[in-house]
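# Coordinate inspection notes
The residues making up each chain are set out below.
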Amino acid sequence: QVQLVESGGGLVQSGGSLRLSCAASGFTFSTYVMSWYRQGVGKERELVASISRGGTGTNYADSVKGRFTISRDNAKNTVSLQMNSLKAEDTAVYYCKALNQGVEYWGQGTQVTVSS
């Protein structure tokens, strides 16, 4: 069955770094646009970054530009999010999403907490 499993979340001090990973299985990973979303307490889920099927195209939320980098490895069916210069406002549950022609899959999320 389809699975998206995030890992790498945790507690980090402001200014620190974390690397999130999402391992995909059960679908043809390379044909899906992959994205990271996040949802803070009392906030709506928001797009953080996305990457094209081949990995050559990326886009980022203004709030994370220059600090976060999304990447993917189609041979390993993984997508990653390198997060640097973390701020307290980055605290949220981070979700991995796969999208292809209206079909979407979501992971269960991983908690990132940034202490100020």
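Before going into details, it helps to say that this report is about the structure given with it. Everything numeric here is computed off the predicted structure, so don't read it as measured data.

Conventions used here
Residues numbered from 1 in each chain as written. Predicted model: local features only at pLDDT ≥ 70, side-chain atom pairs only at ≥ 80, totals over all residues. Heavy atoms only, no water. Pairing = 2+ DSSP bridges. Helix = DSSP H or I, 4+ residues; strand = E, 2+ residues; numbered from the N terminus. Axes fitted to C-alpha atoms, helices over the stretch in contact; angles between N-to-C directions. Buried < 20%, exposed > 50% of the residue type's maximum accessible area, 1.4 Å probe, protein only. Polar contact = N/O pair within 3.5 Å; in protein donor to acceptor, adjacent residues only side chain to side chain. Contact = heavy atoms within 4.5 Å. Salt bridge = Lys/Arg side-chain N within 4 Å of Asp/Glu carboxyl O.

With that settled, consider the sheet that holds strand β8 (residues 78-83). Judged by pairing direction, the sheet is antiparallel, and its four strands sit side by side in the order β1-β3-β8-β7 without closing on themselves. The strands lining the two open edges of the sheet, one partner per strand, are β1 (3-7) and β7 (68-73). Between one strand axis and the next, the sheet turns by 15 degrees as a mean value, whatever way the strands run. With five bridges joining them, β1 and strand β3 (residues 18-25) adopt antiparallel strand pairing. Its bridge partner lying in β3, Gln-3 is registered against Ser-25.

For the rest of this paragraph, the subject is unusual backbone geometry. For Asn-77, which is not a glycine, the phi torsion comes out positive at approximately 55 degrees. Asn-77 sits in the partly exposed class, given a relative accessible area of 24%. If you check the backbone angles, Ser-85 has positive phi at about 50 degrees while not being a glycine. Assessed through its relative accessible area of 41%, Ser-85 is described here as partly exposed.

Take the side chain of Thr-110 next. Turning to its location among the elements, Thr-110 is positioned in strand β11 (residues 110-115). Only 3.3 Å separates the side chain of Thr-110 from the backbone nitrogen of Gly-9, close enough to count as a polar contact. The contacts of Thr-110, once residues within four sequence positions are left out, are Glu-6, Ser-7, Gly-8, Gly-9, Leu-20, Ala-92, Val-93 and Tyr-94.

Relative to the assigned elements, Gly-66 resides in the loop between β6 (58-60) and β7. Accessibility expressed as a relative area gives 83% for Gly-66, which makes it exposed.

Here we take up the pattern of salt bridges. Pairing between side chains of opposite charge can happen when the charged atoms of each approach one another. Under the definition given, this model contains five salt bridges. Of the charged contacts in the structure, one is a salt bridge between Arg-38 and Asp-90, with a shortest N-O distance of 2.9 Å. One end of the pair, Arg-38, is in strand β4 (residues 33-39); the other, Asp-90, is in the loop between β8 and β9 (92-100), and 52 residues separate them in sequence. The residues Arg-38 and Asp-90 share a single accessibility class, namely buried. For Lys-97, the salt bridge is made with Glu-104, and the minimal N-O distance between the two is 3.9 Å. Given a relative accessible area of 40%, Glu-104 falls into the partly exposed group. Salt bridges here are not isolated pairs; linked through shared partners, they connect Arg-38, Glu-46, Arg-67 and Asp-90.

Quick look at the pairing of β3 now. Along β3, the buried face is formed by Leu-18, Leu-20, Cys-22 and Ala-24; none of Arg-19, Ser-21, Ala-23 and Ser-25, which line the opposite face, is buried. As judged from the six bridges shared by β3 and β8, these two strands associate in the antiparallel manner. Bridge pairing in β8 links Leu-20 to Leu-81.

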